[in-house]
Amino acid sequence: ALPISLYRSVPALELRFAPFQHCLPLLDMAEPAAKKQKTEEGAVATEEKKEVKEAPKVPEPPKELEEDAPKATGATVKEPVAFFTPDTTMNVMASTGNNLLMPLSDGGIRHLLAGARASVGVKSGRYMFEAKIVEVIARADEGSKPQPKCLLKIGFSTAGSNLLMGSDETDISFDDGFLVHNKKRTPLGKAGKFVKDSVIAVVLNLDKSSPNAHTISLFKDGKRVCQPQPLPEALKGKTLYPTLTFRNYTVSVNFGPTPLAPLPFTCNMIAQAATKDSAVTAAPAKDAKYEVVFPVCLPDEGGYDWLDAFKAKNPQYTELSDRMIADWAMKSGIMIPKSSVSNDKPEFKSGIPEVDDMSIRRSLQSVAPMQQRNYIVMEVQSNLIKEMRAISMGRFMDVSFK
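Predicted model, so just to flag it, every value in this text is computed and none were measured.

Counting secondary structure elements, the protein chain contains seven helices and 19 strands. Taking contacts inside the protein chain between residues at least 6 apart in sequence as the whole, the part at least 24 apart equals 72%. As displayed, the protein chain offers around 23,000 Å² of accessible surface, 58% of which is attributable to carbon and sulfur atoms.

What follows is the structure, given as structure tokens:
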């Protein structure tokens, strides 16, 4: 048994240690708080490092495989590259000397596409040409009238093919962010969109020794827009001519010898084409005579079948008829319902007042005598009646027509 004095001292001992027992939990709580703060700070730093590590890397552009053109040797094209009247649509006004192309813009004809093909074609080697939109043709007082969409296609086509590119196998072109061939449109991205004052360059590579042989490339302001696009099989082995299809734009075309916007590599331009690499369309003779044919046939007796056969044998003739206008409008993206009333006078119900009022016919009748080309005027009713035929013939009184 313990002495009584010891029992009495125990509470005193408990009281003596009690303050330390109450302080211990406070020390225990303060220490984890500091650790927690450091842990959180470390976690944030780790996450930041993780984010930096996981940031996606910008892919490097593919290496440019095109090399600088060797110094030209041998004979080159002597004739200036030009747009001759037979290789343009009737709504194209071409300036003399500086290859400035402007479409007619009065009335319904401004809704139609315009087309022009250059006089020098490429059959081998690598060459380029440039185009620049210098004017957007627009009207501020149109109100609620349907507005024709601005459009530019730039590329190459075969001789004698349709000047409104994109509808068949005879051409290939770039169109505001797309590669177009035979009604197929392949997207190239926003970088390929055409804007006013930008210099658009097309490079055609037919050099068999090049890694980019048989391709076509697009550049804008000297920078590559897309990787070289392979030429379709239908165009391989053909002579290809620089061609533009446009609407509501005035376009300046540069065939060289100096590019407006140099490319990452030196490239000869169309005006510098070697004779062995090119084909040249002969310029019309200054004193040439042109024919205007007025077929006389009975209604619905095969007149238009005869016309199609005549044009197949004589592609140098430009048809003037309402049928031609309807076909032109449809190739320009305007829907014209097929008429069951008359082959000679089809009904125009496009929903565009300027097209349906036949102002296009009046514009073509006015401009036709000013353009030196062969015509075949297919108006069944007018050609049958002597007095009306005389009025039509009277429009072509210039000495260049016979």
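For the rest of this paragraph, the subject is the sheet that holds strand β8 (residues 178-181). Across the sheet, six strands lie side by side as β3-β14-β6-β7-β8-β9; this open sheet has antiparallel pairing. With partners counted over all chains shown, the strands left at the sheet margins are β3 (114-117) and β9 (184-187), one partner each. Averaged over all pairs of adjacent strands, the angle between their axes in this sheet comes to 20°, without regard to strand direction. In terms of strand pairing, β3 meets strand β14 (residues 241-247) through four bridges, oriented antiparallel. Bridge pairing in β14 places A114 opposite F246.

On to a nonpolar patch on the surface, then. A contiguous nonpolar patch, built from V296, L298, L384, I385 and M388 and spanning about 420 Å² of accessible area, is present on the exposed surface. Here M388 shows up in helix α7 (residues 386-394).

Let's shift gears to the sheet that holds strand β18 (residues 317-320). In spatial order, the strands read β17-β19-β18; together these three strands make up an open sheet with parallel pairing. Every other strand in the sheet has two partners, leaving β17 (292-293) and β18 as the edge strands with one partner each. As defined by bridge partners, β17 adjoins strand β19 (residues 374-377) across two bridges and the pair is classed as parallel. Across the sheet, V293 pairs through a bridge with I376, a residue of β19.

This part is about helix α2 (residues 303-313). Turning to α2, its buried residues are G303, Y304, L307 and F310. For α2, the angular spread of the buried residues around the axis is 110°, confining them to a single face. With respect to the buried face of α2, the exposed residues turned more than 90 degrees away are D305, A312 and K313. On its buried face, α2 sits against β18, α3 (322-331), β19 and α6 (380-384).

Quick look at the side chain of S332 now. You can see S332 is positioned in the loop between α3 and α4 (353-356). Assessed through its relative accessible area of 7%, S332 is described here as buried. In terms of polar contacts, S332 uses its side chain to reach the backbone carbonyl oxygen of W328, at 2.9 Å. When residues no more than four places from it in sequence are discounted, the contact partners of S332 are H111, L112, L113 and R247.

Summarising the model, the protein chain shows a mean pLDDT of 85, and 82% of its residues fall at 70 or more. The spread of mean pLDDT over the elements of the protein chain runs between helix α1 (residues 4-54), the lowest at 48, and β14, the highest at 98.

A cis geometry characterises the amide bond from G256 onward to P257, with omega recorded as 15°. Tracing the chain through its elements places P257 in the loop between β15 (249-254) and β16 (278-280). Residues other than glycine seldom take positive phi values, yet D221 does so here, at roughly 55°. Checked against the element boundaries, D221 lands in the loop between β11 (215-220) and β12 (223-224). In this structure D221 comes out as partly exposed when scored by relative accessible area, which is 43%.

A few words now on α3. Within the sequence span of α3, burial applies to D322, M324, I325, A326, W328 and A329. Against the buried residues of α3 lie β18 and α5 (359-367). Residue G333 follows α3 closely and has a positive phi angle near 90°.

So, on to the nonpolar core. With 42 residues, the main nonpolar core has F129, L152, F174, L244 and I270 as its most contacted residues. Excluding anything up to four places from it in sequence, I270 contacts V81, V120, V122, Y127, M128, F129, F156, P242 and F255.

With that settled, consider the pattern of salt bridges. Throughout the structure, instances matching the rule amount to 14 salt bridges. Through salt bridges with shared partners, a single ionic network connects D308, K311, E319 and R323.

It is worth spelling out the environment of R373 at this point. With respect to the helices, strands and loops of the structure, R373 is situated in the loop between α5 and β19. Look at R373 and you get buried, because its relative accessible area is 4%. R373 sits 283 residues away from M90 along the chain, and the two C-alpha atoms are 9.9 Å apart. Setting aside residues no more than four positions away along its own chain, R373 makes contact with T85, P86, T88, T89, M90, Y290, E291, T318 and F401. At 3.1 Å, the side chain of R373 forms a polar contact with the backbone oxygen of T85.

About the thresholds
- Residues numbered from 1 in each chain as written.
- Predicted model: local features only at pLDDT ≥ 70, side-chain atom pairs only at ≥ 80, totals over all residues.
- Heavy atoms only, no water.
- Helix = DSSP H or I, 4+ residues; strand = E, 2+ residues; numbered from the N terminus.
- Contact = heavy atoms within 4.5 Å.
- Areas by Shrake-Rupley, 256 points an atom, 1.4 Å probe, with all protein chains shown as cover.
- Pairing = 2+ DSSP bridges.
- Axes fitted to C-alpha atoms, helices over the stretch in contact; angles between N-to-C directions.
- Patch = residues over 30% accessible without salt bridge, like charges linked within 9 Å, V, L, I, M, F, W, Y side chains within 5 Å.
- Salt bridge = Lys/Arg side-chain N within 4 Å of Asp/Glu carboxyl O.
- Buried < 20%, exposed > 50% of the residue type's maximum accessible area, 1.4 Å probe, protein only.
- Arc of directions from axis to C-beta.
- Polar contact = N/O pair within 3.5 Å; in protein donor to acceptor, adjacent residues only side chain to side chain.
- pLDDT = per-residue confidence, 0-100.
- Core = buried A, V, L, I, M, F, W, Y, C linked by side-chain atoms within 4.5 Å.

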